[in-house]
Amino acid sequence: MSDKLTKTAITPATHTTPPAKFSHGVKKGNILQVAGQVGFGPAVEGQAPTPVGPGLREQTLQTLANVEAILKEGGASWEDVMMMRVYLTDTDHFAELNAIYNEYFADLAEAPSARTTVYVGLPAGLLVEIDALAVLG
């Protein structure tokens, strides 16, 4: 019998199949990695995903909801998240992102995760992308 841990793909019902050979989330043992999520609304059969709105607030809240859906599907919560990476398309959005982030995570019981923010190019209309690493148990 092997002691090898199984690596499992995590795809909540709210998400479409990834457009390439990657998983929205991957769990192995007590580690759950959430791939970069953007502000697409819940999957609708036969329709291409689109951003929930043009504003940073709408997109950030939807992006966090998309990350949380994968965390929950993998048996984790925000309390289990050790690291988050935030990718913004505009340096002018940093202060607004921090305000949204602080409000969203105001009720965390444990220490907040570590976080890195970088500036990137994203497909047209997308303003923010977020990934997360969680350790369960």
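Residues numbered from 1 in each chain as written. Predicted model: local features only at pLDDT ≥ 70, side-chain atom pairs only at ≥ 80, totals over all residues. Heavy atoms only, no water.

K.L.:
Now, about the nonpolar core: what can you tell me, with residues and values included?
P.N.:
A general feature of soluble globular proteins is that nonpolar side chains tend to end up buried together. Counting 24 residues, the largest nonpolar core has Leu71, Trp78 and Met84 as its most contacted members. Listed by contribution, the elements that provide at least two residues to this core are β3 (31-37), α1 (56-73), β4 (81-88), α2 (94-104) and β6 (128-135). Considering every element that reaches this core, the biggest residue donor is α1, with five residues. Non-local contacts of leucine 71, meaning those with residues more than four positions away in its chain, are made with Leu32, Val34, Ala76, Ser77, Trp78, Val81 and Ala134. (Core = buried A, V, L, I, M, F, W, Y, C linked by side-chain atoms within 4.5 Å. Buried < 20%, exposed > 50% of the residue type's maximum accessible area, 1.4 Å probe, protein only. Helix = DSSP H or I, 4+ residues; strand = E, 2+ residues; numbered from the N terminus. Contact = heavy atoms within 4.5 Å.)

K.L.:
Describe the packing of α1 against α2, listing the residues and the values that go with them.
P.N.:
Orientation of α1 relative to α2, taken along the N-to-C sense of each, is 45°, at an axis distance of 10 Å. As the angle between them shows, α1 and α2 are arranged oblique. Once α1 is placed against α2, the crossing between them reads as right-handed. For the pair α1 and α2, contact is made by Leu56, Arg57, Thr60, Leu61, Leu64, Ala65 and Glu68 and by Glu96, Leu97, Ile100, Glu103 and Tyr104, respectively. (Axes fitted to C-alpha atoms, helices over the stretch in contact; angles between N-to-C directions. Parallel < 35°, antiparallel > 145°, perpendicular 65-115°, else oblique. Left-handed = near helix turned anticlockwise from the far one by under 90°.)

K.L.:
Hey, could you go over the sheet that holds strand β2 (residues 25-28) for me, with residue numbers and the actual values?
P.N.:
The strand order β1-β2-β3-β6-β4-β5 describes an open sheet built from six strands, whose pairing is mixed. In the strand order of this sheet, the two ends are held by β1 (7-10) and β5 (114-119), each with one partner. Geometrically, the sheet is characterised by an average inter-axis angle of 15° between neighbouring strands, direction not taken into account. By the bridge criterion, seven bridges tie β4 to β6 in an arrangement that is antiparallel. (Pairing = 2+ DSSP bridges.)

K.L.:
Can you explain the pairing of β2? Please cite residues and give values.
P.N.:
The sheet contact formed by β1 and β2 spans four bridges and is antiparallel. If you follow threonine 8 over to β2, its bridge partner there is lysine 27. Two strands pair when backbone bridges link them, and β2 and β3 are joined in this way by four bridges, in the antiparallel orientation. Among the inter-strand pairings, glycine 25 is bridged to a residue of β3, identified as valine 34.

K.L.:
Provide a residue-level description of the side chain of histidine 93, including the pertinent values.
P.N.:
The topology assignment puts histidine 93 in the loop between β4 and α2. Accessibility expressed as a relative area gives 16% for histidine 93, which makes it buried. Every residue in contact with histidine 93, bar those within four places of it in the chain, is listed here: Leu56, Leu88 and Leu127.

K.L.:
For the layout of surface pockets, give the residues involved together with the corresponding values.
P.N.:
As a volume, the largest pocket reaches approximately 420 Å³. Along the wall of the largest pocket there are 23 residues; nearest its centre are Thr16, His24, Val38, Phe40 and Pro49. Ranked by residues supplied to the lining of the largest pocket, first place goes to β3 with three residues. Looking at side-chain class alone, the lining of the largest pocket contains 11 nonpolar, 11 polar and one charged residues. (1 Å grid on protein atoms, 1.4 Å probe; cavity = no way out; pocket = protein on both sides within 12 Å on 5 of 7 lines; lining within 4 Å. Points joined across faces, edges and corners; volume = space filled by probe spheres on them. Nonpolar A, V, L, I, M, F, W, Y, C, P; charged D, E, K, R; others polar.)

K.L.:
Hey, could you go over the pattern of salt bridges for me, with residue numbers and the actual values?
P.N.:
In total, this model carries three salt bridges according to the counting rule given. A salt bridge links glutamate 103 to arginine 57; the nearest nitrogen and oxygen atoms lie 2.6 Å apart. Placement of the pair is glutamate 103 in helix α2 and arginine 57 in helix α1, with a sequence separation of 46 residues. Since its relative accessible area comes to 35%, arginine 57 is described here as partly exposed. (Salt bridge = Lys/Arg side-chain N within 4 Å of Asp/Glu carboxyl O.)

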